[in-house]
Amino acid sequence: MTALLLLAGCSSVPMDDGSKGSHSSVDDLPAWQYGELARLDEGNHHPAIKALLTRAQRAREAGQWSKVMSYLDQARQIEPRNAAIYYRQGWTSLQMGQPAQAEQLLRRGLLFTSDTALQQRINRLLAQALDQQ
C-alpha cells in the first residue's frame, strides 16, 4: 500500500514526447505516444500508471527489456483490465524473443478492450507472434 501511495505522488512526471534519439538496439522502435503504439496513454489512468508508463518508456528507449516488463507488470497489477498494458507487454515480449508469451498477453488484452483501433493493433501484433512461433 505504501508503494502505491509513493507512486501516486509521481504523477507530476511529464510524459516523454517520443522525440529523443534512439539507442543502437532500438533504432526502429515506434514511439509509444505516436505511430503504431499511439493513443495508449490517453484516458484517465491512475497516477501511478502514468509514472510506470513513463519509466517503461525510458527503459524501452535504453533497450532494457526486463525493466520494461517489470514496470508494465506493476502497472498491470494496479489496472488488471487495461488492454493497452497487455499490448505493450506483448510487444515487449516480441522484442525479447518470446512470441509464446506475447501471444498469451495479447489474447488477454483482446478480452479487455472494446476500442476498435486497439483491437486491430493487438490482432496485427498477435499475427506477428504467431508467425514467430
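Residues numbered from 1 in each chain as written. Predicted model: local features only at pLDDT ≥ 70, side-chain atom pairs only at ≥ 80, totals over all residues. Heavy atoms only, no water.

### Some details on the nonpolar core
In step 1: Within the largest apolar cluster, 22 residues are counted, with the highest numbers of intra-cluster contacts made by V68, L72, Y87, L106, L118 and L125.
In step 2: Within the residue set of this core, elements represented by two or more residues are α2 (47-61), α3 (65-78), α4 (83-95), α5 (99-111) and α6 (116-132). (Core = buried A, V, L, I, M, F, W, Y, C linked by side-chain atoms within 4.5 Å. Buried < 20%, exposed > 50% of the residue type's maximum accessible area, 1.4 Å probe, protein only. Helix = DSSP H or I, 4+ residues; strand = E, 2+ residues; numbered from the N terminus.)

### Brief notes about the packing of α4 against α6
What describes two packed helices is the angle between their axes and the distance between those same axes.
In step 1: Interhelical geometry of α4 versus α6 gives an angle of 25° and a closest axis separation of 10 Å. The pairing of α4 with α6 is recorded here as roughly parallel in orientation. Both α4 and α6 take part in a crossing whose hand is left-handed. Touching A83, A84, Y87, G90, W91 and L94 of α4 are L118, R121, I122, L125, Q128, A129 and Q132, all from α6. (Axes fitted to C-alpha atoms, helices over the stretch in contact; angles between N-to-C directions. Parallel < 35°, antiparallel > 145°, perpendicular 65-115°, else oblique. Left-handed = near helix turned anticlockwise from the far one by under 90°. Contact = heavy atoms within 4.5 Å.)

### Structural notes on the packing of α3 against α4
In step 1: Two elements in contact, α3 and α4, have axes whose closest approach is 10 Å; the angle formed by their N-to-C orientations is 160°. With respect to α4, the axis of α3 lies roughly antiparallel. When the axes of α3 and α4 are compared, the crossing they make is left-handed. Across the interface between the two elements, W65, V68, M69, L72, D73, A75 and R76 from α3 touch I85, Y86, R88, Q89, W91, T92, S93 and Q95 from α4.

Read these as spatial facts, not as claims about activity.
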